[in-house]
Amino acid sequence: MGTDPTTQTLAQLGDNTPEQVAPRFAEIRARFDFEISSDSNTGNWPAFIARWTGRKSGVLTEIGDNWLKPAPPRLKKVVGQEFQKLKAHVESALEAKRKEIESAAEQAAAARDRIDLSLPGIERAIGTRHIIRQTYEELVRIFVSIGFSVVEGPEIETPYYNFEALNIPEHHPARDNMDTFYIEGAREPHLLRTHTSPMQIRTMEKQPPPVRIIVPGKVYRRDNPDATHGYMFHQIEGLAVDTDITFCDFKGTVEYFVREFFGPKAKTRLRPSYFPFTEPSAEVDATCHVCGGSGCRICKFSGWIELSGAGMVNPAVYGFVKNGYDAAKHSGFAFGMGIDRLAMMKYGVTELPLLFQNDVRFLRQFP
Ligand code: DAH
């Protein structure tokens, strides 16, 4: 639409007859109706309102100033009536349009926020239990089922519990095998335990016979890390002491454990060995889980895998403990095995570092 309605002067209006007034207002009304129907005008809503109803220079104000106020007496009444009609029309149309714009905005916002329950959800990966943990829980389950209870102990130990009380005196060659991390600066000498065996002593000191415990936990050695060694690994210790425990009880316990853990076909073999805290001592082997005993790279073609150090508790150990443990009356067996090794055997993992790198591509394979 071309000319601004307000450019029509009062002089022009004044020349009109009363009958000609209404059509002039009708022109303005038509212009308003046209403008309000176009989004390009109402898109800038504040500007549009100001153009029509602005107090200083809105169209209605201009008409009031230029047409109504100076109208000659013969036109005053009709101009006044037409002006009121126009004003009412403009105001109610603006109000209706305002509501329309607001509800459109609300609907758009609602559409944006709507949740479509039929869409597939986002699947978030949840973690799995680490195979060391799975193995740990399996070990606990098996031993608890035959009457053992679980205890844990400190990883920072004294040489007394880690060595002396286990019948490993200073300068004993067994200390050399266990490259030990010593803790510097402590008032008393301390070290990171090299095995879980110290908990044999700590438990017996607290608990008079009988005792039947397993001790899972972390141990530390200054090994050079390679495919099967790290400077931290997990062990599980076992100890059973009572008045009539024999080597047979020990063998039966180990065989039961091996069948439970590796399956009913798994066999057990004992070889003589030496540990200062057991007498006699044995090394427990189980049939290789990979080849089932026929021989493969993993078992170095022997068909057997070394599982555990073990033996009957050395009477010398009771001498350190006292607390009612009497070598003349009591006997018992002990064993210690690597949890990580057991996990590797059971799950067919050949590289120890994989257990500690926490690469999700590895971890995901053991849900
Ligand atoms: N503590 C030994 C080690 O770490 C393993 C061991 C051997 C534990 C014989 C025992 C045992 O309880 O009786 O090499």
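As the structure is a computational prediction, the values presented were derived from the model and not from experiment.

Summing up its helical and strand segments, the protein has 15 helices and 10 strands in all. Radius of gyration (C-alpha) of the protein: 47 Å, far over the 21 Å computed for a compact globule of 367 residues. A principal-axis box enclosing the C-alpha atoms of the protein has dimensions of 135 × 55 × 35 Å. Sequence separation of 24 or more characterises 68% of the internal contacts of the protein that already satisfy a separation of 6 or more. A total of about 20,500 Å² of accessible surface is found on the protein, and carbon and sulfur atoms cover 54% of it.

Okay, the packing of helix α2 (residues 18–36) against helix α5 (residues 59–68) next. The interhelical angle for the contact between α2 and α5, taken along N-to-C directions, is 160°, at an axis separation of 12 Å. Viewed along their axes, α2 and α5 adopt a mutual orientation that is roughly antiparallel. At the point where α2 passes α5, the crossing takes the right-handed sense. For the pair α2 and α5, the contacting residues are R24, F25 and I28 in the first and V59, I63 and W67 in the second. When its residues are assigned to classes, the contact of α2 with α5 shows five nonpolar, no polar and one charged.

Okay, the domain arrangement of the protein next. Its domain assignment divides the protein into domain 1 (8–113) and domain 2 (131–363). Just the C-alpha atoms count here: the centres of domain 1 and domain 2 sit 95 Å apart.

This paragraph deals with the packing of aromatic side chains. Enumeration over the complete set of coordinates arrives at 17 aromatic pairs. Their ring planes at 25° and their centres at 5.6 Å tell us that F257 and F261 sit as a pair that is stacked. A residue pair is termed a helical-turn pair when its members lie 3 or 4 positions apart in one helix, as F257 and F261 do in helix α11 (residues 247–262) at four residues. Take F257 and F261: they sit in the same class, and that class is buried. With 4.8 Å between their ring centres and 85° between their planes, F261 and F262 make a pair best called edge-to-face. F261 gets classed as buried once you look at its relative accessible area, which sits at 3%. Through pairs of rings, three or more aromatic residues link up here, namely F143, F148, F257, F261, F262 and F335. The side chain of R202 reaches across the aromatic face of Y161, ending 4.0 Å from its centre. Above the face of the F261 ring, K346 is positioned so that its terminal group lies 4.4 Å from the ring centre.

If you look at the biggest cluster of nonpolar residues, it comprises 42 residues, and the most contacted ones within it are F257, F262, L307 and M337. Elements with a minimum of two residues in this core: α7 (131–145), β6 (232–242), α11, β8 (278–287), β9 (304–313), β10 (331–338) and α13 (339–347). When residues in this core are grouped by element, the largest group, seven residues, is from α7. Apart from the residues lying within four places of it in its own chain, the contact partners of L307 are F257, V258, F262, V284, D285, A286, M337, G338, L342 and M345. Counting 23 residues, the second-largest nonpolar core is a separate cluster that includes Y161, F163, I213 and V321.

On to α5. Residues three or four positions apart in an α-helix share a direction because the helix packs 3.6 residues into each turn. Turning to α5, its buried residues are V59, L60, I63, G64 and W67. Looking down the long axis of α5, one finds its buried residues gathered within 140° of arc, a one-sided arrangement.

The next point concerns the packing of α7 against α11. It is the contact of α7 with α11, at a shortest axis distance of 10 Å, that shows an interaxial angle of 135°. By the criterion of interaxial angle, the relationship of α7 to α11 is oblique. Here the hand of the crossing between α7 and α11 comes out right-handed. Contacts from T135, E138, L139, R141, I142, F143 and S145 in α7 reach T253, Y256, F257, E260 and F261 in α11. Tallied by class, the residues present in the contact of α7 with α11 amount to six nonpolar, three polar and three charged.

Attention now moves to the site of the ligand. Taken together, 15 residues are adjacent to the ligand, and H195, S197, R221, Q235 and E237 come closest. Separating an oxygen atom of the ligand from a side-chain N or O atom of R221 is a distance of 2.8 Å. In the model, an oxygen atom of the ligand is placed 3.2 Å from a nitrogen or oxygen of the A334 main chain. Taken by itself the ligand offers 350 Å² of open surface, and the protein chains cover 92% of this. Of all the secondary structure elements, the ones that give two or more residues to the shell around the ligand are β6, β9 and β10.

The next thing to look at is the environment of R51. Checked against the element boundaries, R51 lands in helix α4 (residues 45–53). A distance of 2.7 Å separates a polar atom in the side chain of R51 from a polar atom in the side chain of E35.

Relative to the elements of secondary structure, N16 occurs in the loop between α1 (10–14) and α2. What N16 contacts, discounting residues up to four positions off in sequence, is R24, R74 and L75.

Looking now at the pairing of β9. The element β9 is largely enclosed, with a buried count of eight among its 10 residues. Alignment of β8 against β9, held across eight bridges, turns out to be antiparallel. Residue pairing across strands places A282 opposite A310, the latter belonging to β9. Alignment of β9 against β10, held across five bridges, turns out to be antiparallel.

Rules behind the numbers
Residues numbered from 1 in each chain as written. Predicted model: local features only at pLDDT ≥ 70, side-chain atom pairs only at ≥ 80, totals over all residues. Heavy atoms only, no water. Helix = DSSP H or I, 4+ residues; strand = E, 2+ residues; numbered from the N terminus. Rg over C-alpha atoms; globule rule 2.2 N^0.38 Å. Contact = heavy atoms within 4.5 Å. Areas by Shrake-Rupley, 256 points an atom, 1.4 Å probe, with all protein chains shown as cover. Axes fitted to C-alpha atoms, helices over the stretch in contact; angles between N-to-C directions. Parallel < 35°, antiparallel > 145°, perpendicular 65-115°, else oblique. Left-handed = near helix turned anticlockwise from the far one by under 90°. Nonpolar A, V, L, I, M, F, W, Y, C, P; charged D, E, K, R; others polar. Domains from an automatic or database assignment. Phe/Tyr/Trp six-rings, centres within 6.5 Å; stacked < 30°, edge-to-face > 60°. Buried < 20%, exposed > 50% of the residue type's maximum accessible area, 1.4 Å probe, protein only. Lys NZ or Arg CZ within 6 Å of the ring centre and 35° of its normal. Core = buried A, V, L, I, M, F, W, Y, C linked by side-chain atoms within 4.5 Å. Arc of directions from axis to C-beta. Near = heavy atom within 4 Å. Polar contact = N/O pair within 3.5 Å; in protein donor to acceptor, adjacent residues only side chain to side chain. Pairing = 2+ DSSP bridges.

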